[in-house]
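Chain residues, written in single-letter form:
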Amino acid sequence: MSKNMRRDERNQAKKSLAPPIFQTATFTFDGSDDLEAYHGGETDAFFYTRYGNPTNEAAERKLALLEGAETSLLYASGMAAVSSVFLSLLAPNARIVIPQESYRHTRDIAEGLLTRYGVRVDIPAENTVESLEALSDGQIRVLFAEIPSNPTLRIPDIGQMAEWAQKRRARFIVDSTIASPALFRPLEHGADLAVQSVTKYIGGHNDVVAGAVSGGLDIIDALREQQALLGSILGPQEAFLVERGLKTLELRVRRISDTALKLAEFLEGHPRVSQVYYPGLESHPDHQRAVQYMAAFGGIVSFELDGNHGKADELVSALQIPVLAPGFGGTESQVEHHVKMAYADIGIQGAENRGVPAGLIRYSVGLEDFEVLRDDLGEGLKKL
């Protein structure tokens, strides 16, 4: 699914293979004529890093190729990317539709911030076209979706949702962070914008926080202008790490997905596990849709144990290989009792009210061997 760059496209300044890190806040001009030429659009010079930087541009160019987009724009975090898109497209009395199961803080932005400025937020119980059709009448400005969703990995029918949005002249925004452009490219299925938390699989090493939006030139240029005003830019050091991660993205994600499917099958057959959420399993409600849309099924496996949610705490503490830490998508496996990690401020009841099972464990598979992860899980489950 990746696209190859030509030899001349790989060459950077001074024919460096890796893009140099332009660690500078500002750029210089030879004189007034040189400055005037820049403002007149007669040169491809840079002005000030808040408006653009060669290191960032190199990473954005590579990401756009992978997303199948005209262009991409990097942000200081995934949340900066999501919030910037919302602020750009929405206004008082405009409506946004966002699924009930979505990344917790994306929904927090909608309900806690956008509503303060008069934006109308609709949250249907199911992320289906049927649920969309049941919404009250009125113009909708933005339709938002995740593929797969966080944390039970539902796969919405992106093609049908794109048609629904197009008929209503709504912008269709898809967050495909869990899939990454290695497994799914939303723009090829009718999305207007693809959003990524680059911190996750694209960065891939748990050493950079970043976000990105990819799409058509017109809308990304408008977002770039807004970004220069709001200042939610990514530093050149971080952009260098993003470009580094993009080089191995498909290799890492394919390996991780392979291991995750085997782990999901192992867990589904274990007597202490009551439910496994993984779109690669035939038991997943959206398995056929996952086969239709995704090149592989991703690196997150969510599951529940038989018994109360306290068993989830026991298991994540007993495991020896995955680290207990927030986030996902790195080279190291990570595990968490999801409501305790992501919803501690609103508690188990608050998480359940948002549709998150109290005992759900989210396991982010890394690059360790399958047998090592399987045996560790097996030993941990024996201790319960």
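In this report, we go over the structure that sits alongside the text.

## A word on empty space enclosed by the protein
So, step 1. Taken as a whole and judged by the stated rule, the model has 1 cavity of 30 Å³ or more.
So, step 2. Around the largest cavity sit Gln100, Glu101, Ser102, Arg107, Asn150, Pro151, Tyr343, Arg354, Gly355 and Val356, which together line it.
So, step 3. Broken down by class, the residue content of the lining of the largest cavity amounts to 3 nonpolar, 4 polar and 3 charged.

## Comments concerning the sheet that holds strand E5 (residues 171-175)
So, step 1. Strand order in this open sheet of 7 strands is E1-E7-E6-E5-E4-E2-E3, and the pairing throughout is mixed. At either margin of the open sheet sits one strand with a lone partner, and together these are strand E1 (71-75) and strand E3 (120-122). Across the sheet, the mean angle from the axis of one strand to that of its neighbour is 20°, orientation sign disregarded.
So, step 2. Pairing of strand E4 (residues 142-146) with E5, which is carried by 5 bridges, proceeds in the parallel orientation. When the bridges of E5 are listed, Glu146 appears paired with Asp175.
So, step 3. The sheet contacts of helix H4 (residues 78-89) involve E1, strand E2 (95-97), E4, E5, strand E6 (193-196) and strand E7 (211-215), and relative to E7 the element is tilted by about 45°.
So, step 4. Packed onto the sheet, helix H8 (residues 217-230) meets E1, E5, E6 and E7 and runs at close to 25° relative to E1.

## As for unusual backbone geometry
So, step 1. Each neighbour pair has its own omega, and for Ile147 with Pro148 the value is -15°, a cis peptide bond.
So, step 2. Counting through the fold element by element, Pro148 comes out in the loop between E4 and helix H7 (158-167).
So, step 3. Between Asn150 and the following residue, Pro151, the backbone shows a cis peptide bond with an omega angle of 15°.
So, step 4. Note that Pro151 resides in the loop between E4 and H7.
So, step 5. Residue Asn93 is not a glycine yet carries a positive backbone phi of 75°.
So, step 6. For Asn93, the position within the fold is in the loop between H4 and E2.
So, step 7. Phi angles above zero are rare outside glycine, and Leu153 is one such case at about 60°.
So, step 8. Taking the relative accessible area as the measure of exposure, Leu153 reaches 2% and is therefore buried.

## A few points about the environment of Ala134
So, step 1. On the secondary structure map, Ala134 appears in the loop between helix H6 (129-133) and E4.
So, step 2. Residue classification places Ala134 among the exposed positions, given a relative accessible area of 64%.
So, step 3. Along the primary structure Ala134 and Gly380 are separated by 246 residues, whereas in three dimensions their C-alpha atoms are 45 Å apart.

## Points about the nonpolar core
So, step 1. With 75 residues, the main nonpolar core has Leu74, Phe172, Val242, Val276, Tyr278, Phe303 and Tyr363 as its most contacted residues.
So, step 2. Here this core takes 10 residues from helix H9 (residues 236-268), the largest share from any one element.
So, step 3. Not counting chain neighbours up to four residues away, the residues in contact with Tyr278 comprise Leu153, Ser257, Ala260, Leu261, Ala264, His284, Phe297, Gly298, Ile300 and Val301.
So, step 4. Within the second largest apolar cluster, 25 residues are counted, among which are Tyr75, Ala80, Val82 and Phe144.

Conventions used here
- Residues numbered from 1 in each chain as written.
- Predicted model: local features only at pLDDT ≥ 70, side-chain atom pairs only at ≥ 80, totals over all residues.
- Heavy atoms only, no water.
- 1 Å grid on protein atoms, 1.4 Å probe; cavity = no way out; pocket = protein on both sides within 12 Å on 5 of 7 lines; lining within 4 Å.
- Points joined across faces, edges and corners; volume = space filled by probe spheres on them.
- Nonpolar A, V, L, I, M, F, W, Y, C, P; charged D, E, K, R; others polar.
- Pairing = 2+ DSSP bridges.
- Helix = DSSP H or I, 4+ residues; strand = E, 2+ residues; numbered from the N terminus.
- Axes fitted to C-alpha atoms, helices over the stretch in contact; angles between N-to-C directions.
- Contact = heavy atoms within 4.5 Å.
- Buried < 20%, exposed > 50% of the residue type's maximum accessible area, 1.4 Å probe, protein only.
- Core = buried A, V, L, I, M, F, W, Y, C linked by side-chain atoms within 4.5 Å.

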